[in-house]
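Now for the letters of each chain:
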Amino acid sequence: MKILNFGSLNIDNVYSMDHFVRPGETTASLKMETFCGGKGLNQSVALAKAGAPVYHAGKVGADGQMLIDILGEYGVDTSLVAMTQGHTGHAIIQVDKKGQNCILLYGGANQEITTDYIDDVLAHFEKGDMLLLQNEINNIDYIIKKAAEKGMILAINPSPISDELVKMDLTSITYFILNEIEGNELTQETDPEKIARKMRQIYPGCVVVLTLGKQGVMYYDGTNTYTHGIYDVPVVDTTAAGDTFTGFFLSTLMQGEDVPKALEYASIASSLAVSQKGAAPSIPTMEQVKDAKLKKVEF
Ligand code: RIB
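Residues numbered from 1 in each chain as written. Predicted model: local features only at pLDDT ≥ 70, side-chain atom pairs only at ≥ 80, totals over all residues. Heavy atoms only, no water.

S.K.: Would you take a moment to explain the overall build of the chain for this structure?
M.R.: When its secondary structure is counted, the chain shows 10 helices and 14 strands. Taking 2.2 N^0.38 as the reference for a compact globule, 299 residues should give roughly 19 Å; the C-alpha atoms of the chain span a radius of gyration of 18 Å, in line with that estimate. Oriented by its inertia axes, the alpha-carbon framework of the chain measures out at about 50 × 50 × 40 Å. When the accessible surface of the chain is totalled, it reaches about 13200 Å², and 49% of it is carbon and sulfur. (Helix = DSSP H or I, 4+ residues; strand = E, 2+ residues; numbered from the N terminus. Rg over C-alpha atoms; globule rule 2.2 N^0.38 Å. Areas by Shrake-Rupley, 256 points an atom, 1.4 Å probe, with all protein chains shown as cover.)

Structure follows, in structure tokens:
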């Protein structure tokens with residue numbers, strides 16, 4: 001089974017802040033650093049670092065070669081990544097003293113995904129291969145339709161959630177890996193169990209992996225429910241924690257482990273990611289995850 005991650009590639013300009021800029025305020029940042037990021041790129045790096053063979057598809061501008069190079073360094077197949085005339089997507093990320101972030105996105109080349117390009121990419125995959133998506137590129141509905149017609153297994157991290165995505169036909173998707181806000185937008189429910197059950201009504205046959213912040217994560221597939229807590233780590237920067245979780249969860253499952261093990265590795269990996277700066281650079285290797293001696297938070 002091959003895994004294709006069709007997703008965004010961003011240059012992340014990260015500003016360390018005393019506090020997030022308020023409306024009408026001008027404030028100086030403490031530091032600016034540049035990292036490779038984008039939910040797509042981060043999830044490909046996480047999949048690869050967790051041991052899965054992964055192909056990335058997406059677009060960058062002429063200023064985005066470093067993003068392709070980084071994916072290649074982590075072992076991601078980049079032969080399907082294309083370069084356009086425009087600008088590479090970027091993110092302006094403020095990180096405050098508590099490690100919380102807020103992100104402003106510029107789509108750039110991520111919004112130049114044409115149907116011809118999608119057809120070319122999908123021609124390399126077949127029934128039974130997995131497709132992973134996020135919501136930072138355009139033409140997602142076309143990708144979903146064509147991949148489902150081929151019989152690919154579809155997974156989505158519906159982030160950042162948008163009205164357009166909520167209205168899309170997502171019934172061919174098997175794995176939804178999402179947080180409570182995204183779950184609420186898709187179901188109008190707030191209670192995690194109700195979100196999971198409603199997801200199964202709206203998207204029959206789907207598997208719901210709902211991350212719950214400090215409450216950990218809940219998995220529900222219509223028959224089995226599993227939960228996993230969080231670990232006690234110093235929070236430096238929460239950027240890419242969700243991306244790390246998604247990549248490690250799917251990669252671990254693909255390698256034949258059971259769901260509780262996938263939840264455990266994904267939870268450890270995202271805890272390690274929040275204790276490091278940056279997006280892609282903060283993602284640990286599977287070896288680091290297996291060696292980690294973290295203390296679980298008891299409630
Ligand atoms: O999930 C984190 C990512 O969101 C950042 O790397 C940024 O590029 C945005 O896409």
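S.K.: Explain the environment of Lys261 here, please?
M.R.: Relative to the helices and strands, Lys261 resides in helix 9 (residues 259-274). Among the residues examined, Lys261 registers a relative accessible area of 26% and is labelled partly exposed. Remark: the alpha-carbon pair of Lys261 and Ala57, spanning 204 residues in sequence, is separated by 28 Å. (Buried < 20%, exposed > 50% of the residue type's maximum accessible area, 1.4 Å probe, protein only.)

S.K.: Would you mind showing me how to read the packing of aromatic side chains here?
M.R.: For any pair of aromatic rings, the description consists of the separation of the ring centres together with the inter-plane angle of the planes. Throughout the structure, instances matching the rule amount to 6 aromatic pairs. Ring plane angle 25 degrees and centroid distance 4.8 Å describe the contact between Phe176 and Tyr203, whose orientation is recorded as stacked. Remark: Tyr203 occurs in the loop between helix 7 (192-202) and strand 12 (207-211) and Phe176 occurs in strand 11 (residues 175-179); sequence separation between them is 27 residues. Assessed through its relative accessible area of 4%, Tyr203 is described here as buried. Aromatic pair Tyr219 and Phe249: ring centres 6.5 Å apart, planes at 45 degrees, arrangement tilted. With a gap of 30 residues between them, Tyr219 in strand 13 (residues 217-220) and Phe249 in helix 8 (residues 241-254) connect regions that are remote in the sequence. A cation over a ring is seen here: Lys2 above Tyr55, with NZ or CZ 5.4 Å from the ring centre. (Phe/Tyr/Trp six-rings, centres within 6.5 Å; stacked < 30°, edge-to-face > 60°. Lys NZ or Arg CZ within 6 Å of the ring centre and 35° of its normal.)

S.K.: I'm lost on the sheet that holds strand 3 (residues 31-37) in this one. Help?
M.R.: As a general point, the strands of a sheet are linked pairwise by backbone hydrogen bonds and lie either parallel or antiparallel. Strand order in the open sheet formed by 4 strands is 3-2-7-8, and the pairing between neighbours is mixed. The two strands at the open ends of the sheet, each matched to only one other strand, are strand 3 and strand 8 (101-106). The sheet shows a mean angle of 20 degrees between the axes of neighbouring strands, taken without regard to direction. (Pairing = 2+ DSSP bridges. Axes fitted to C-alpha atoms, helices over the stretch in contact; angles between N-to-C directions.)

S.K.: What should I look at first to understand the nonpolar core in this one?
M.R.: If you look at the biggest cluster of nonpolar residues, it comprises 46 residues, and the most contacted ones within it are Val209, Phe248, Phe249 and Leu250. For this core, the element with the highest residue contribution is helix 9, accounting for 8 residues. Other than its neighbours up to four places away in sequence, Phe249 contacts Tyr175, Ile177, Val209, Tyr219, Val259, Ala262, Leu263 and Ala266. Residues Ile173, Met199, Cys206 and Val208 belong to the second largest nonpolar core, which totals 38 residues. (Core = buried A, V, L, I, M, F, W, Y, C linked by side-chain atoms within 4.5 Å. Contact = heavy atoms within 4.5 Å.)

S.K.: What is the right way to read the site of the ligand from this model?
M.R.: Neighbouring the ligand are 14 residues; Asp12, Gly38, Lys39, Glu136 and Asp243 lie closest to it. Between the ligand and Asp12, the relevant distance is 2.6 Å, taken from an oxygen atom to a side-chain nitrogen or oxygen of the residue. The side chain of Asn42 places a nitrogen or oxygen atom 3.1 Å from an oxygen atom of the ligand. In isolation the ligand exposes 280 Å². Once the protein is present, 96% of that is buried. Among the residues making up the shell around the ligand, the classes are represented as 5 nonpolar, 5 polar and 4 charged. (Near = heavy atom within 4 Å. Polar contact = N/O pair within 3.5 Å; in protein donor to acceptor, adjacent residues only side chain to side chain. Nonpolar A, V, L, I, M, F, W, Y, C, P; charged D, E, K, R; others polar.)

S.K.: Would you mind showing me how to read the sheet that holds strand 14 (residues 225-228) here?
M.R.: Spatially, 8 strands are ordered 4-1-9-10-11-12-13-14 in an open sheet, and the strand pairing comes out mixed. Every other strand in the sheet has two partners, leaving strand 4 (54-57) and strand 14 as the edge strands with one partner each. Going from strand to strand, the sheet's axes swing by 15 degrees on average, the running direction of each strand aside. In this sheet, strand 9 (residues 130-133) lies alongside strand 1 (residues 3-6) in parallel orientation, the contact comprising 4 bridges. Directly across from Ile3, in strand 9, lies its bridge partner Met130. Contacts from helix 1 (residues 39-49) reach strand 1, strand 4 and strand 9, with the element oriented near 170 degrees to strand 4.

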